[in-house]
Amino acid sequence: MRAPTGSSSTLPRQRPTGRKALLATLMLLVAVASAFPLLWMVLSSLKTTAESMQVPPVWIPRTPTFDAYEKVAGVVNVGRSMWNSLVIATITTAGILVTSMMAGYAFAKYSFPGRTLLFSALLATMFLPPIVTLIPLYRMVGSIGLNASLAGIIVPNLANAFGIFLMRQFIAGVPDDLIDAARMDGASELLILFKIVAPTVAPAIAALALFAFVYHWNSYLWPLTVLQGNADSYPIVISLSRLLSYNRGAMNTGLVMAGATLAVLPPLILFVFLQRFFVDSIVSSAVKG
């Protein structure tokens, strides 16, 4: 029996597997190259002094030890510094999320005179280098008596232009009919924002939280300027600068690597928990684009 004419055109075409294998190999190489410095840092923090100085280098410590972490605790008040960093990053991130959602909701779903001009001015502030606003912000913080305190670090950063822009772009995609229906049911604007809009744009909120937390956890210049030598309020990034004097000899490599591992650990844990939402936000923005 002869096959029907044109039936071959209806058969699914098999994509070449060579291209997929090449793409997977490239992605694996990029992932390994990206993770290698982090892995090397952690492994180096577990090496003995002899292994740190050995040539050629030892890749995996034969006898892992936590002596370097004990030495870091002797040089730096790790617990206090980690707590300061956690307070700064957590409160600042929470403030950015709230203000960004509220402002983004207003720009996306409200029509008011000067909205476009105000939003354009807001975007223009994103192009200002942080060093330009350092002195004006420092004088403002000093005028309200917040110098040399954690509040002086946190208050000027509770609103963020990038966060408002990001929330505005995602909230604009929320159907107006859904919001209008909630208003007809008597829901307040805050209830609509946090009970209806926020769950819809949850991936964007998680991505913004990750960006904000990592940025303010690693912030160095602004806390150093505000605290004015108040070592008790130093975040971990500034406290670990004391280890720079130990970075001149190979015998102290483990000490420096242990301090760096402690500094990077909390943001890394947060990324592990939020990576699914972070990827979802990227996919959602790509689909909308």
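Residues numbered from 1 in each chain as written. Predicted model: local features only at pLDDT ≥ 70, side-chain atom pairs only at ≥ 80, totals over all residues. Heavy atoms only, no water.

**Things to note about the overall build of the chain**
Applied cut-off: We count a stretch as a helix when DSSP gives it H or I for four or more residues in a row; a strand needs E for two or more, and each element gets its number in order from the N terminus. Note on definitions: a residue-residue contact is assigned when non-hydrogen atoms from the two residues lie within 4.5 Å. Methods summary: accessible areas were calculated by the Shrake-Rupley approach with a probe of 1.4 Å, and residue burial reflects only the protein chains presented.
The helix and strand tally for the chain stands at 14 helices and 0 strands. Taken from N to C terminus, the helices and strands of the chain fall in the order α-α-α-α-α-α-α-α-α-α-α-α-α-α. Partitioning the intrachain contacts of the chain with sequence separation of at least 6 by distance along the chain shows that 73% fall at a separation of at least 24. As displayed, the chain has an accessible area near 17700 Å², and 68% of this comes from carbon and sulfur atoms.

**Here's the deal with the packing of aromatic side chains**
The criterion, for reference: Ring pairs are drawn from Phe, Tyr and Trp, using the six-membered ring of Trp, whenever the two centres fall within 6.5 Å, and their geometry is named by plane angle: stacked under 30 degrees, edge-to-face over 60, tilted for the rest. Relative accessible area decides the class of each residue, using a 1.4 Å probe on protein chains only: under 20% of the type maximum gives buried, over 50% gives exposed, and in between gives partly exposed. Here, over-ring charges are defined by two tests on the NZ atom of lysine or the CZ atom of arginine: distance to the ring centre within 6 Å, and angle to the ring normal within 35 degrees.
Tallying each qualifying case throughout the model produces 10 aromatic pairs. Here Tyr105 and Tyr110 contribute two aromatic rings whose centre-to-centre distance is 5.8 Å and whose plane-to-plane angle is 80°, an arrangement assigned as edge-to-face. Given a relative accessible area of 4%, Tyr105 falls into the buried group. Three or more aromatic residues joined by ring pairs form one cluster here, namely Phe107, Phe112, Phe119 and Phe165. Here the basic side chain of Arg183 rests over the ring of Tyr110, its NZ or CZ set 5.8 Å away from the ring centre.

**Concerning the confidence of the model for the chain**
Quick reminder of the rule: What pLDDT expresses is the predictor's confidence in each residue, scored from 0 to 100.
Residues of the chain with pLDDT of at least 70 account for 88%, and the chain-wide mean is 85. Highest mean pLDDT in the chain belongs to helix α4 (residues 78–109) (95); lowest belongs to helix α14 (residues 253–288) (74).

**Quick look at the layout of surface pockets**
Counted only if it meets this: Two kinds of site are reported from a 1 Å grid over the protein atoms alone, namely cavities, where a 1.4 Å probe fits but cannot get out, and pockets, open sets with protein on both sides within 12 Å along at least five of seven lines, and residues are called lining when an atom falls within 4 Å of a point. Grid points are joined across faces, edges and corners, and a volume is the space filled by probe spheres set on the points. Residue polarity follows a fixed list, in which Ala, Val, Leu, Ile, Met, Phe, Trp, Tyr, Cys and Pro are nonpolar, Asp, Glu, Lys and Arg are charged, and the others, Gly among them, are polar.
The computed volume of the largest pocket comes to approximately 950 Å³. Around the largest pocket, the lining comprises 27 residues; the ones closest to its centre are Pro130, Thr133, Asn157, Asn160 and Tyr215. Elements supplying a minimum of two residues to the lining of the largest pocket: α6 (130–143), α8 (161–171), α11 (202–217) and α12 (221–227). Considering only residue class, the lining of the largest pocket consists of 21 nonpolar, 6 polar and no charged.

**Remarks on the nonpolar core**
What tends to happen in soluble globular proteins is that the nonpolar side chains get buried as a cluster. Stated precisely, the cut-off is as follows: Here, nonpolar core means buried Ala, Val, Leu, Ile, Met, Phe, Trp, Tyr and Cys residues that are tied together by side-chain atoms lying within 4.5 Å of each other.
In terms of nonpolar packing, the biggest core is built from 22 residues, with Tyr105, Met167, Ile171, Val197, Val201 and Ile205 touching the most fellow members. When neighbours within four sequence positions are excluded, Met167 is seen to be in contact with Ser100, Met101, Gly104, Ala204, Ile205 and Leu208. Residues Val76, Val78, Phe213 and Ala258 belong to the second largest nonpolar core, which totals 16 residues.

**Description of empty space enclosed by the protein**
Over the atoms, a rolled probe matching the size of one water molecule traces out where space is still vacant. This structure, assessed with the given rule, holds 1 cavity of 30 Å³ or more. Put simply, the largest cavity is a space of about 60 Å³. If you trace the largest cavity, you find it lined by Ser85, Ile88, Ile153, Asn157, His216, Trp217, Ser219, Trp222, Pro223 and Pro235. Every element with two or more residues in the lining of the largest cavity is listed here: α4, α11 and α12. Its residues placed into classes, the lining of the largest cavity shows 6 nonpolar, 4 polar and no charged.

**What about a nonpolar patch on the surface?**
Rule in force here: Think of a patch as exposed residues, more than 30% relative accessible area, with no salt bridge, where like charges cluster within 9 Å and nonpolar side chains (Val, Leu, Ile, Met, Phe, Trp, Tyr) cluster within 5 Å. What makes a salt bridge here is a side-chain nitrogen of Lys or Arg within 4 Å of a carboxyl oxygen of Asp or Glu, nothing more.
On the surface, a nonpolar cluster with roughly 660 Å² of combined accessible area is contributed by Leu38, Val264, Leu265, Leu268, Ile269, Phe271, Val272 and Phe273. It is α14 that contributes the most residues to the nonpolar patch, 7 residues altogether. Within the element layout of this structure, Ile269 appears in helix α14.

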